[in-house]
Amino acid sequence: MEEEQLSDGATHLSGSEIVAAADGEADEAIVDHLRHCELCRQRVAALRAMQQALRRRLYRALCPSTEQLADYCQGLLSPAQQALLAHHIASCPYCSAEVDLMLQRDPLIDRLLLSDLLNRRVLRYLR
Ligand SMILES: [Zn+2]
Ligand SMILES: [Zn+2]
């Protein structure tokens, strides 16, 4: 990784340091550099956005269907499946958001949101 010289002789963060910062594992020197370097802050932000987009795609590829989530909410699955889904939901912000919607108290809102989610899921299958 080539290094760019700053006017004061210091260098910008290296590729691996940018990755560490994006992962929240930056040491004090990195944090200090980021505090006064707009360019490296932008690089960290760009990398983080890329990682999030990638993670979102991975999450959705492994996600159970809305029907499965609905069954899960009503406890209709086998204990093994319930445990499997509980584990997934705990680590997946998208499914936990979907479950949150399903568990909302207002039955009207609940039904509207759920049918909306189901419709979108069905449309995706038809495409
Ligand atoms: Zn920098
Ligand atoms: Zn999920």
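Counting starts from 1 at the beginning of each chain's written sequence and moves along it residue by residue. In the order they appear in the text, chains get letters beginning with A and ligands get numbers beginning with 1. Per-residue local features are limited, in this predicted model, to residues with pLDDT of at least 70; the limit for side-chain atom pairs, both in listing and counting, is 80 or more; totals at the level of whole chains, interfaces and linings are taken over all residues.

**Some points on the UniProt feature "domain: Putative zinc-finger" (unreviewed entry) in the protein chain**
Argument step 1. UniProt positions are given in the numbering used here, feature names are shortened, and annotations may be inferred rather than shown by experiment. Per the UniProt record, "domain: Putative zinc-finger" (unreviewed entry) is found at residues 67-95.
Argument step 2. Helix makes up 79% of residues 67-95 and strand 0%. Its end C-alpha atoms lie 12 Å apart. Helix and strand definitions follow DSSP, with helices as H or I runs of at least four residues and strands as E runs of at least two, each counted in order from the N terminus.

**Thoughts on helix 1 (residues 15-22)**
Argument step 1. Within the sequence span of helix 1, burial applies to E17, I18 and A21. An end-on view of helix 1 places all buried positions within 105 degrees of arc, on one side of the element. Turned more than 90 degrees from where helix 1 packs its buried face, G15 and S16 sit exposed.
Argument step 2. Note that contacts rest on C-beta atoms placed from the backbone: two residues are in contact if these are within 7 Å. Contact partners of the buried residues in helix 1: helix 2 (28-35) and helix 3 (38-62).
Argument step 3. Count one or two residues on from helix 1 and you reach G24, which has phi positive near 75 degrees. Counts of 20 or more other C-beta atoms within 10 Å of a residue's own C-beta define buried residues, counts of 12 or fewer define exposed ones, and intermediate counts define partly exposed ones; C-beta atoms are placed from the backbone. Note that the arc is computed from the directions linking the helix axis to the C-beta atoms.

**Quick look at the nonpolar core**
Argument step 1. Note on definitions: a nonpolar core is a set of buried residues drawn from Ala, Val, Leu, Ile, Met, Phe, Trp, Tyr and Cys, linked by C-beta atoms within 7 Å. Judged by nonpolar contacts, L69, Y72, L85, I89, C92 and C95 together constitute the single largest core of six residues.
Argument step 2. Put simply, the parts of the chain that give this core at least two residues each are helix 4 (66-73) and helix 5 (79-91).
Argument step 3. Excluding anything up to four places from it in sequence, C92 contacts Y59 and C63.

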